[in-house]
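Coordinates in review
In case you want the letters, here they are:
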Amino acid sequence: MASLSLRSIYKKYPGGVVAVSDVNLEIKDKEFIILVGPSGCGKSTTLRMIAGLEEISEGELYIGDRLVNDVAPKDRDIAMVFQNYALYPHMTVFENMAFGLKLRKVPKDEIARKVEEAARILDISHLLSRKPKALSGGQRQRVALGRAIVREPQVFLLDEPLSNLDAKLRAQMRTEISKLHQKLGTTFIYVTHDQTEAMTMGDRIVVMKDGFVQQVDTPQNLYTSPVNQFVAGFMGSPQMNFIDAVLRKIDGKYSVEFGSEDTKTTRGVKYYVEIPEAKLAGNELALSELVDQEIVMGIRPEDIHDEQMFLSAATTGVIEADVEITEMMGAETYLYLSCEGIPLTARVDPRSTARPQDRISVALDPNKIHIFNKETEKTVVN
């Protein structure tokens with residue numbers, strides 16, 4: 001098993017294109033870490049540099065205590081699972097899983113033992129004599145995982161391994177891979193653009209954008225305490241609502257003001273959300289510098305309520321909004337709202353009576369608001 005250390009890693013291509021910039025990351029032994037971000041953010045390039053499939057332009061990569069910048073991929077003691085499975089079509093499942101071991105001149109009886117053990121763990125023992133074309137997508141993915149397992153590597157690298165599967169199978173395989181990690185007790189580094197996968201599987205998540213690491217933290221901390229507007233918007237589905245607003249300080253109390261005075265285009269209403277005392281702790285100096293300036297307020301869909309009990313109890317943050325679309329999701333309902341031209345999404349109880357074209361009152365939970373600096377997009381208050 002092994003820890004990994006990425007120290008000021010860069011990937012530069014000819015023509016001045018910088019794909020990955022100054023990545024510093026300490027990955028603990030047996031940790032399940034996820035690299036997540038939109039397409040083109042540098043997550044797969046980072047993974048390929050760890051694997052040795054891409055050359056590191058600058059910086060140092062350690063696996064355990066060994067500097068591996070110039071070590072060939074086959075000598076790094078890692079195994080990689082690709083998005084497209086990369087199985088040999090002319091070989092059986094057994095032969096695909098055994099291939100890497102045969103190249104290493106492992107004795108036949110040991111190969112058979114390792115392949116059968118991996119097949120048992122992945123529940124594919126009954127498929128060992130089949131060819132890949134006779135397998136479903138989920139079965140092929142298990143074979144690709146099995147081929148990695150038999151090598152007993154120090155580190156598993158998984159590059160979007162579930163993106164070719166349908167939604168139901170993806171959910172199932174997420175659980176399988178998490179169980180596999182617990183069973184094997186090996187370091188897993190997993191790349192995905194799907195934040196649901198990231199939130200449900202990883203011990204820690206590395207959020208990337210434009211080649212830079214934005215934040216490294218546990219799933220819960222990323223969700224509740226994002227360091228900037230990008231992380232706040234990327235983690236969570238539906239994504240966080242962002243409202244352009246102005247920060248005010250009246251009678252010593254801070255509040256967020258938004259809405260419109262233009263009665264020609266809207267009903268011309270201004271709304272205020274008072275910032276609770278608890279949120280000011282440690283943030284008052286930063287807030288005081290933004291008084292009467294434009295800021296961005298963020299609030300997650302589940303923190304916008306249409307239930308009467310919330311509306312009755314709310315002392316601040318009650319707004320009027322027009323319902324544009326409702327989506328019944330079974331266990332919850334999404335309301336797509338417009339308030340003074342500002343689009344909002346609310347995640348509410350499935351028994352909600354709101355329907356398109358209704359004008360309703362909703363309460364924004366002031367204890368759950370986030371405030372971002374409009375210019376830098378950095379978080380001021382979580």
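What comes next concerns the included structure. (Residues numbered from 1 in each chain as written. Predicted model: local features only at pLDDT ≥ 70, side-chain atom pairs only at ≥ 80, totals over all residues. Heavy atoms only, no water.)

1. Describing the environment of S163
Take S163: it is sitting in the loop between β7 (155-159) and α5 (167-184). Look at S163 and you get partly exposed, because its relative accessible area is 25%. The spatial distance from the C-alpha of S163 to the C-alpha of T192 is 8.2 Å, given a sequence separation of 29 residues. Setting aside chain neighbours within four positions, we find S163 in contact with Q83 and R170. Engagement of the side chain of S163 in a polar contact is seen with the side chain of Q83, the distance being 3.1 Å. Within the structure, the side chain of S163 is placed 3.2 Å from the backbone oxygen of E160, a separation counted as a polar contact. (Helix = DSSP H or I, 4+ residues; strand = E, 2+ residues; numbered from the N terminus. Buried < 20%, exposed > 50% of the residue type's maximum accessible area, 1.4 Å probe, protein only. Contact = heavy atoms within 4.5 Å. Polar contact = N/O pair within 3.5 Å; in protein donor to acceptor, adjacent residues only side chain to side chain.)

2. Description of the sheet that holds strand β11 (residues 241-250)
The sheet built from six strands is open, its strands ordered β13-β12-β11-β14-β20-β21 with antiparallel pairing. Unpaired on one side and paired on the other, β13 (270-274) and β21 (379-381) mark the two borders of the sheet. Sheet twist, expressed as the average angle between the axes of neighbouring strands with direction ignored, equals 40 degrees. Pairing geometry for strand β20 (residues 370-373) and β21, over two bridges, is antiparallel. By the bridge assignment, F372 is partnered in β21 with T379. (Pairing = 2+ DSSP bridges. Axes fitted to C-alpha atoms, helices over the stretch in contact; angles between N-to-C directions.)

3. Remarks on the sheet that holds strand β8 (residues 187-192)
Strand order in the open sheet formed by six strands is β6-β7-β8-β3-β9-β10, and the pairing between neighbours is mixed. The open sheet is flanked by β6 (78-81) and β10 (212-217), the only strands paired with a single partner. Pairwise comparison of adjacent strand axes, ignoring direction, gives a mean angle of 15 degrees for this sheet. Running over the sheet, helix α4 (residues 137-149) touches β6 and β7 and is turned about 175 degrees from β6. Against the sheet, α5 engages β3 (32-36), β7 and β8, with an angle of about 160 degrees to β8.

4. Things to note about the nonpolar core
Counting 46 residues, the largest nonpolar core has M97 and I177 as the members making the most contacts within it. Looking at which element gives the most residues to this core, the answer is helix α3 (residues 108-122), with six residues. Those residues within four positions of I177 in sequence are excluded, and the remaining contacts are F32, L145, L158, P161, L162, F188, Y190 and M201. In terms of nonpolar packing, the next biggest core, distinct from the first, is built from 34 residues, I295, L335, A354 and I371 among them. (Core = buried A, V, L, I, M, F, W, Y, C linked by side-chain atoms within 4.5 Å.)

5. Details of the packing of aromatic side chains
Tallied over the entire structure, the rule returns seven aromatic pairs. Here the aromatic rings of F156 and F188 are separated by 4.8 Å at their centres, their planes lie at 35 degrees, and the arrangement is tilted. Residue F156 is located in strand β7, and its partner F188 is located in strand β8; the two are separated by 32 residues in the primary sequence. Residues F156 and F188 agree in their burial class; the two are buried. Each member of the aromatic cluster is reached from another via a ring pair, and the members are F32, F156, F188 and Y190. The lysine or arginine in question, K12, covers the ring of Y10, its NZ or CZ lying 5.1 Å from the ring centre. Looking at R300, its charged tip hangs above the ring of Y223, at a distance of 3.9 Å from the centre. (Phe/Tyr/Trp six-rings, centres within 6.5 Å; stacked < 30°, edge-to-face > 60°. Lys NZ or Arg CZ within 6 Å of the ring centre and 35° of its normal.)

6. Section: the pattern of salt bridges
Counted by the stated rule, this structure contains 21 salt bridges. Of the charged contacts in the structure, one is a salt bridge between E110 and K114, with a shortest N-O distance of 3.4 Å. Pair noted here: E110 and K114 are both in helix α3, with a separation of four residues, about one helical turn. A relative accessible area of 28% places E110 in the partly exposed class. Where salt bridges share partners, they join R248, E257, K270 and D292 into one cluster. (Salt bridge = Lys/Arg side-chain N within 4 Å of Asp/Glu carboxyl O.)

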